[in-house]
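Below are the chains, spelled out letter by letter.
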Amino acid sequence: MNHRLHVFTHEGQRFTSFNASSLPAVVPPIPRPWNPQLESDSSPENIKDVLTTQWAYETRPWFPLIPTNPVFDGAVFSCLNHSFYSLPIESTPDGRHILRGDVRQQWETLEQKLLWCQGRLAANMHFPWYGQFPRAPRDYGYLRSHVDVTLAKKVALRSRDAFLGISAICTYFIMTRQYRPHKESSTWTDLLTNDARCPIPSTWVTELSRTFLGDLTDSVPRTGMIINAAYGLSWDTDVVMFEHYRVPIWVYWPPNVLPNKTWNRYFPSAEDIAASTHTRWDGLQSGNNPWGAQSSDDPWGTQSNDNPRGIHWSHDNPWGAQSQSNDSEQTPASAVQSQPDLSRFPLPNRNSGQRHGEDWEAFFARRAMQNKKKEEKETPSHKQARLGRERSAANHRIPGKSSTIQVFEWQPQDDYNGFMLRTHITKAGVEGVWGDYNKFTRIFDSFSNQWDLCLALDPTSMPDGDDREDDDDIMPPLPTTALVDVPPPVPSSFLNDIYTYFGSNVSLSLRHKDIEGIVPVLHYYFGYRPTAPSSAPLYASMQLHQWIKKTNWEHLCKLLGDSAAETGLIAAPQRQSITNFIAYLVNLKESDLSIIPPDVWDLGPDPSLPITHAYIRVSCANLSQCRYYIIEPRQSPSLLVWTLAIPNPITAVMCLRHNWGPDIQQIGLALLKKGIAFRTLQQMAVAPNFRRPLTELRTYTLGHQSQ
């Protein structure tokens with residue numbers, strides 16, 4: 001960690017940090033302090049308000065641990081991997097709309113699992129007795145039906161974000177356990193796998209440890225928090241823990257506040273202040289483009305028809321906007337861009353400020369550059385008035401009819417492929433459209449005293465007006481009692497996540513497509529049960545025990561085609577059960593395999609492998625003194641002219657375990673991707689030994705003729 005204190009200035013306010021090189025993109029308004037009489041604070045209750053950096057609140061020590069760029073991947077969180085456009089919505093009998101049933105069930109099951117983990121991880125852990133746990137995702141409405149498809153999707157996305165709240169508080173307890181371990185307490189992974197009521201399979205816990213919930217490295221950036229130095233925190237010792245795991249921490253120093261012992265090391269010295277970084281918060285930092293403006297490879301993004309002078313692109317312009325050359329300068333021919341076909345774009349509205357062919361991104365980029373120039377020439381009185389307008393607009397209150405603020409809405413044009421025009425909204429019409437947007441899709445420009453309403457800024461965000469529909473049902477009040485004990489999930493649901501994930505050809509150890517790790521290989525090919533106990537074999541010879549005792553884990557991994565690095569996150573209990581299983585296969589004779597317990601091997605005398613498969617059937621055939629396992633579709637005859645033949649029973653078992661079929665060609669491609677050998681056989685009308693001999697060809701002077 002860099003122990004040099006960084007000092008930042010934002011609108012006359014001073015902030016310091018040891019582990020952040022800049023302020024957060026948005027500094028929220030300073031909240032009211034903790035009220036010890038009411039035992040409450042002004043912390044936001046809605047998850048959509050805490051996905052960015054917040055102030056430190058007494059009731060929410062888990063706020064800083066929300067991931068900034070969560071990746072919904074892996075066996076645990078892949079069911080949440082949906083965008084606004086991919087979310088499946090279905091209609092209800094009464095004409096309303098709701099998240100599709102299978103996705104809804106997956107989310108509900110995941111919610112129960114995470115809440116169960118939250119309860120186990122919180123056991124015997126210190127947490128403020130007045131602290132607030134995050135709302136459950138179901139509180140945000142994904143289990144309810146809604147009046148239209150758009151609302152159903154936005155409610156579902158907001159519910160999906162609520163999983164980040166549960167994950168953050170689980171991360172908080174995991175981090176606390178690892179930073180302040182107790183001699184008697186076990187690791188957090190053992191706590192979940194060895195729970196008496198619901199022991200979670202170690203493979204699922206391993207997968208959980210690789211997500212943003214269990215990964216405590218700096219590869220998972222988190223929102224962090226801003227601390228007001230004027231007040232202390234009952235959990236201020238956690239700040240050192242957060243810094244240890246590189247969670248961004250900023251301390252705000254109000255005027256005339258002297259450091260106390262808690263925040264003394266954050267107090268800037270005269271040397272720190274002299275070397276402070278004055279941060280400009282009009283969105284003009286180099287390399288930080290909050291609007292996502294087009295880069296300089298877009299030659300028409302901000303082209304104007306009324307510009308007769310040469311136009312070139314400045315590579316020093318972080319917005320990718322155009323800059324005009326001086327009259328005295330000759331623009332090189334290589335810098336002149338081809339003129340766009342402006343007939344493809346609608347004419348801009350009068351007095352909108354938008355140029356012909358200029359999209360919303362380029363408009364905001366150009367305006368930001370103009371504002372930068374205005375600020376350089378701004379007088380102190382004008383700056384004070386502008387900052388006052390910014391503070392007044394921070395709460396996103398709808399402008400009144402007597403207000404001088406102008407409101408513009410970016411409206412898509414169907415005749416021009418959805419190109420958006422900046423359209424002025426009259427004072428009478430503002431109330432009708434204001435609720436269709438929120439703080440993520442509204443932008444206030446304090447220089448021009450104008451609001452811009454643009455859904456393209458965040459298409460998946462929830463409009464403020466959407467909360468009006470059955471608000472008490474969508475967002476019920478937070479409970480004031482202790483967290484209700486969640487019933488344990490069905491144990492098989494954890495393994496279903498693993499098997500579903502492996503069925504997508506994703507490896508637990510490598511996360512590489514079409515390459516499977518050690519656990520799925522043992523399960524799919526050899527019949528190993530991932531939930532096998534780690535206890536020593538009961539019915540085994542001395543030779544078996546000696547083999548287990550002397551076997552090295554790294555050697556065992558190489559024996560199965562994996563490396564120790566790839567399997568390093570397999571928990572110790574499962575390592576032991578895998579070693580026991582391999583010991584059976586290596587040391588027992590074929591006639592003695594029946595002694596392998598059924599809870600270790602599912603191919604024994606009483607196998608659990610289904611005899612029938614929903615899509616395919618497997619039969620044996622002896623061809624050319626070799627045994628083959630023929631794979632055919634179960635329901636309908638194959639349209640292929642060839643038959644898929646597997647040369648070994650292990651691959652045949654794997655095909656039965658996977659949810660493959662009935663397309664035999666796709667099964668062949670899956671085997672080809674995995675590098676597994678197979679044969680394709682084709683029936684012949686005449687046996688090879690009974691073919692007619694080839695007719696002898698007699699050659700003549702002018703060619704040949706068959707006789």
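Keep in mind the model is a prediction, meaning the values are calculated, not measured.

Engineer: For the pairing of strand β6 (residues 225-228), give the residues involved together with the corresponding values.
Structural biologist: Burial of β6 is two-sided: the residues Met225 and Ile227 facing one way and the residues Ile226 and Asn228 facing the other way are all buried. When strand β3 (residues 54-55) meets β6, the two strands line up parallel, connected through two bridges. In the sheet register, Gln54 faces β6, and the bridge partner there is Met225. Bridge analysis of β6 against strand β7 (residues 249-253) gives four bridges, and the strand direction is parallel. Its bridge partner being in β7, Met225 is matched across the sheet by Ile249. Considered for its hand, the β-α-β crossover made up of β6, helix α6 (residues 238-244) and β7 is right-handed.

Engineer: Explain unusual backbone geometry to me, and be specific about the residues and the numbers.
Structural biologist: Residues other than glycine seldom take positive phi values, yet Arg246 does so here, at roughly 60 degrees. Phi angles above zero are rare outside glycine, and Asn417 is one such case at about 55 degrees. Tracing the sequence through the fold places Asn417 in the loop between β11 (406-413) and β12 (419-425). What makes Asn417 exposed here is its relative accessible area of 79%.

Engineer: Describe empty space enclosed by the protein, listing the residues and the values that go with them.
Structural biologist: Empty space among the atoms can be located by rolling a probe the size of a water molecule over them. All told, the structure shown has three cavities of 30 Å³ or more when counted by the stated rule. Around the largest cavity, the lining comprises 14 residues; the ones closest to its centre are Glu45, Trp62, Pro134, Arg135 and Tyr140. When its residues are assigned to classes, the lining of the largest cavity shows nine nonpolar, two polar and three charged.

Engineer: An account of the pairing of strand β17 (residues 643-646) is requested, with residue identities and associated values reported.
Structural biologist: Relative to β17, strand β16 (residues 626-633) runs antiparallel, the two being bridged by three bridges. Paired with Ile630 across the strands is Ala645, a residue of β17. Taken together, the three bridges between β17 and strand β18 (residues 679-681) define a ladder with antiparallel strand orientation. Bridge pairing in β18 links Ala645 to Arg679.

Engineer: Give me the pattern of salt bridges: which residues, what numbers.
Structural biologist: Pairing of side chains with opposite charge becomes possible as their charged atoms draw close. Under the criterion given, the structure shown has 18 salt bridges. Salt-bridge contacts for Arg422 lead to Asp452; the nearest nitrogen and oxygen are separated by 2.7 Å. Here Arg422 is found in strand β12, whereas its partner Asp452 is found in strand β14 (residues 450-453), with 30 residues between them in sequence. Here Arg422 matches Asp452 in class, with each residue buried. Within this structure, Arg367, Arg422, Asp445 and Asp452 form a network of salt bridges that share partners.

About the thresholds
For every chain, the first residue of the written sequence is number 1, and numbering continues from 1 onward in sequence order. For a predicted model such as this one, the threshold for reporting local features is a pLDDT of at least 70, and the threshold for listing and counting side-chain atom pairs is 80 or more; totals across whole chains, interfaces and linings nevertheless cover every residue. Hydrogen atoms and water are omitted, and side-chain values are computed over all heavy atoms in the structure. Accessible area is worked out with a 1.4 Å probe on protein chains only. A residue is then buried under 20% of its type maximum, exposed over 50%, and partly exposed in between. In DSSP terms, a helix is any run of H or I states spanning at least four residues, a strand is any run of E spanning at least two, and both are numbered starting from the N terminus. In this analysis, strands are considered paired if DSSP registers two or more bridges between them. With the strands aimed away from the viewer, a crossover counts as right-handed if its path from the first strand over the helix to the second runs clockwise. Computed over the protein atoms alone on a 1 Å grid, cavities are sets of points where a 1.4 Å probe fits but cannot get out and pockets are open sets with protein on both sides within 12 Å along at least five of seven lines; a residue lines them when it has an atom within 4 Å of a point. Grid points are joined across faces, edges and corners, and a volume is the space filled by probe spheres set on the points. All residues other than Ala, Val, Leu, Ile, Met, Phe, Trp, Tyr, Cys, Pro, Asp, Glu, Lys and Arg, Gly among them, are scored as polar; the first ten of these are nonpolar and the last four charged. A side-chain nitrogen of Lys or Arg and a carboxyl oxygen of Asp or Glu constitute a salt bridge if their distance falls within 4 Å.

None of this, on its own, says anything about what the molecule does.
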